[in-house]
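Descriptive structure summary
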Amino acid sequence: MIELKIPEIYWDDEKAVSLLGEYFTRRRSCGDLFYSGACFERLGVGGDAEYVAYCFDSNDLVAITTLSVSLEPHGAINLLTDPDGHWARLLSLIPRDARLEDHRSDALIVQGGPAWELWERLAGTKQHPGKPDGSGPVVAGKLLARKRPHLIPIYDIRVKQLFERPKTDHSFWAALAAALRADNGAFYDQLARLRDKAGIGEDIGVLRVFDVIAWMHQGRQGRSRRAELSGGVRRGGVGGGHRAGSLIDCPQI
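Starting from 1, residues in each chain are numbered consecutively following that chain's sequence as written. Confidence filtering applies because this is a predicted model: local features only for residues at pLDDT of at least 70, side-chain atom pairs given and counted only at 80 or more, and all residues used for totals across whole chains, interfaces and linings. Based on all heavy atoms of the structure, the side-chain values leave hydrogens and waters out of the count.

Before going further, it helps to spend a moment on the side chain of glutamate 117. Strands are runs of DSSP state E lasting at least 2 residues, helices are runs of H or I lasting at least 4, and numbering of each runs from the N terminus. By the secondary structure assignment, glutamate 117 is in helix 6 (residues 114-123). Here glutamate 117 falls in the buried class, since its relative accessible area comes to 16%. Engagement of the side chain of glutamate 117 in a polar contact is seen with the side chain of arginine 121, the distance being 2.9 Å. Excluding anything up to four places from it in sequence, glutamate 117 contacts Arg89, Leu90 and His128. For each residue, the accessible area found with a 1.4 Å probe, counting protein chains only, is set against the maximum for its type, and the residue is called buried under 20%, exposed over 50%, and partly exposed in between. In the analysis that follows, any N or O atom pair within 3.5 Å is treated as a polar contact, provided that within protein one partner can donate a hydrogen and the other can accept it, and provided that, for residues neighboring in sequence, both atoms belong to side chains. The contact definition used throughout considers only heavy atoms, calling two residues in contact when any of these lie within 4.5 Å.

Here we take up the pattern of salt bridges. A pair is scored as a salt bridge if a Lys or Arg side-chain nitrogen falls within 4 Å of a carboxyl oxygen belonging to Asp or Glu. All chains considered together, the criterion is met by 16 salt bridges. Between lysine 147 and aspartate 60 there is a salt bridge whose closest N-O contact spans 2.9 Å. Within this pair, whereas lysine 147 is found in helix 7 (residues 137-147), its partner aspartate 60 is found in helix 2 (residues 58-65), the two being separated by 87 residues in sequence. Judged on exposure class, the residue lysine 147 and its partner aspartate 60 are both buried. Across the salt bridge formed by aspartate 106 and arginine 181, the nearest N and O atoms sit 2.7 Å from each other.

Let's shift gears to the packing of helix 2 against helix 7. For helices, the fitted axis covers only the stretch in contact; all axes are lines through C-alpha atoms, and the angles between them, taken along N-to-C directions, range from 0 to 180 degrees. Following both chains from N to C, one finds helix 2 and helix 7 inclined at 125°, their axes separated by 10 Å at the closest point. Comparing their axes, helix 7 and helix 2 come out oblique. In the crossing of helix 2 with helix 7, the sense of the turn from one axis to the other is right-handed. In this structure, helix 2 uses Asn59, Asp60, Ala63 and Ile64 to contact helix 7, whose residues at the interface are Val139, Lys142, Leu143, Arg146 and Lys147. Along the lines of polarity and charge, the residues of the contact of helix 2 with helix 7 split into 4 nonpolar, 1 polar and 4 charged. Our angle categories are set so that under 35 degrees counts as roughly parallel, over 145 as roughly antiparallel, 65 to 115 as roughly perpendicular, and the remainder as oblique. Two helices that cross are described as forming a left-handed crossing if the nearer one is turned anticlockwise from the farther one by less than a right angle, and a right-handed crossing if clockwise. Under the grouping applied here, Gly and all other residues not named as nonpolar or charged are polar, the nonpolar ones being Ala, Val, Leu, Ile, Met, Phe, Trp, Tyr, Cys and Pro and the charged ones Asp, Glu, Lys and Arg.

Okay, structure coming up:
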C-alpha cells in the first residue's frame, strides 16, 4: 500500500473552510446552488437511505450527473432493472452504515470484498468485463460513493493529482482508511472540524469533505496556472494578465 500524504490545505482552516463554504453555499443569480454537486448526497433521501440502500434507483442516476458523469440509456436500464441480480446482491453485503475509518470495514474494501467486486463490475475489469453501457472507473466510484457515502470516497483526476498518486492505484481506499485512523483519528477529526466550521451540515460525511476540498483546491490551482500562462503570452512573459479558467474542467463536480 502506498501511504497517503496529507497536503497542507487540509490543515489550513481558513482556506479549507472557504472552499467548503463556496462549494456548498454559493448561488447563481437565479437563486439555486452554483455547484450542482452540492446536491449529490442530498438528492431524494440519499443513496444510503434504508429503503433504497440495496438497489440503484433513478435518484442515484440523476445524482451522478451533478458530478458531471452519466450512464448511457441501456446502462441506466441495467442498473434499475438489475437483470443478473449483481447490484442487489453486492449492495446487500455492504452495510449501509459502514464507515471507512472503522477497521471492521476492511473486509468490505479489500480485493475480493463486496465493495471491490461492485466497483469492478461497474467499472468493467478483466475479471468482470460486462459493465453497464457508459460506465467506467470514474462512474463506478461515484455510484459507490452515492450508495455508501461513509465508506467509499470519490476518486478522480484532481484527487489523484493533489495526492500525487500513481497512474494505476489499487490502494487508495486502504491508504485513506489508514490516514483516517492514524494518530487516534487526528485527520478524521480535522475533516469533521472543518465541516462544522463551514456550517455545511452534519449530513455531509467526512469523505465528501475530503473530496470537495481536494477538488476545489486543485481547480483554483489550475485556474491560477492558466491565468499566469495566459498573462505571460500576452505580456511577453511579464505577469499581470488574468483570464478566468473553466469552473468545471474535469468529470467530478
